[in-house]
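So you can see what is in the structure, the chains are spelled out below.
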Amino acid sequence: MSISVQQLSKNYGNQKAVDEISFEASPGKILGFLGPNGAGKSTTMKMLTCYLPQTSGKAFVCGFDISNDSLQVRKNIGYLPESNPLYHDMYVKEFLYFVGNTYHLQNLKTKVEEVILATGLEKEQHKKIGQLSKGYKQRVGLAQAIIHDPKVLILDEPTSGLDPNQLIEIRKLIKELGKTKTVILSTHIMQEVEAICDEVIIINKGKIVANNSLKGLLAEHQETSLEPIFVKLTK
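I will try to describe carefully the structure that is included in this document.

Cut-offs used in this document
- Residues numbered from 1 in each chain as written.
- Predicted model: local features only at pLDDT ≥ 70, side-chain atom pairs only at ≥ 80, totals over all residues.
- Heavy atoms only, no water.
- Helix = DSSP H or I, 4+ residues; strand = E, 2+ residues; numbered from the N terminus.
- Buried < 20%, exposed > 50% of the residue type's maximum accessible area, 1.4 Å probe, protein only.
- Polar contact = N/O pair within 3.5 Å; in protein donor to acceptor, adjacent residues only side chain to side chain.
- Contact = heavy atoms within 4.5 Å.
- Pairing = 2+ DSSP bridges.
- Axes fitted to C-alpha atoms, helices over the stretch in contact; angles between N-to-C directions.

**Digging into the side chain of Gln138**
Here Gln138 lies in helix α5 (residues 134-146). On the basis of relative accessible area, Gln138 is assigned to the buried category, the value being 5%. Looking at Gln138, its side chain comes within polar contact range of the main-chain oxygen of Glu157, at 3.2 Å. Leaving out residues up to four positions away in the same chain, Gln138 has contacts with Leu80, Asn84, Glu157, Pro158, Thr159, Ser160 and Leu162.

Okay, here's the thing in structure tokens:
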């Protein structure tokens, strides 16, 4: 398993944002990580990427402990946070060179060209990031997340703000990446999960309320779509 989470918790004072959750994620399958606002999704992803320390429990990424081996964990993870922080005064290509240099990548020129092509940024590569539409900024965020060829991808609302054509292209890219990598995809869009994901976890008030394959979850609840299942489990 690329990701193993064991009784992981995060407290903010007396509030339990994440409450002793356990799950696993493996290569070749895209895991949809769902929940209402404030359920603990982003907090979980921030712990897995070593952005936040956990209060208790353990998690391993590619065999590395998030508490003791944070540098190795970060080397193996590509992360696109929901806020997608970018340097708006940098040019797209310049920014990707900057990110690549932080990973000390060999053949950096080739790597930058590959991710620009993969994310459809050819026509935008010489523009300042601040001049781009929200959809193209998302593509830049995806490009920086995959430039070092990580084994694990954690994507928080990756299709936010994309038009229908861009949506199809980014879905295709994520599905292609999911063939060889472990991908955790967080989104509020149920159709997105149905189109992309193989496995589904639903979290509510810090606890996991569903953990199954997409097909298994639909069959278990005798539904043809995720939306009624999500509403029933998170009310």
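**Examining the sheet that holds strand β6 (residues 77-80)**
Adjacent strands of a sheet pair through backbone hydrogen bonds, lying either parallel or antiparallel. Strand order in the open sheet formed by six strands is β6-β7-β8-β3-β9-β10, and the pairing between neighbours is mixed. Strand pairing shows two members of the sheet lacking a second neighbour, β6 and β10 (207-213), which therefore form its edges. Direction aside, neighbouring strands of the sheet carry axes that sit 15° apart on average. Strand contacts of helix α1 (residues 41-48): β3 (30-34), β6, β7 (152-156), β8 (182-186) and β9 (199-204), with the helix running at about 150° to β7, the strand carrying the most contacts. Those strands touched by helix α9 (residues 226-234) are β3, β9 and β10, and its axis lies near 30° from that of β9.

**Examining the sheet that holds strand β2 (residues 15-25)**
Judged by pairing direction, the sheet is antiparallel, and its four strands sit side by side in the order β2-β1-β4-β5 without closing on themselves. Where the open sheet ends on each side, the last strands, each with one partner, are β2 and β5 (64-65). Relative to β5, strand β4 (residues 56-61) runs antiparallel, the two sharing two bridges. In the sheet register, Phe60 faces β5, and the bridge partner there is Asp65.

Shape descriptors only; they carry no functional weight alone.
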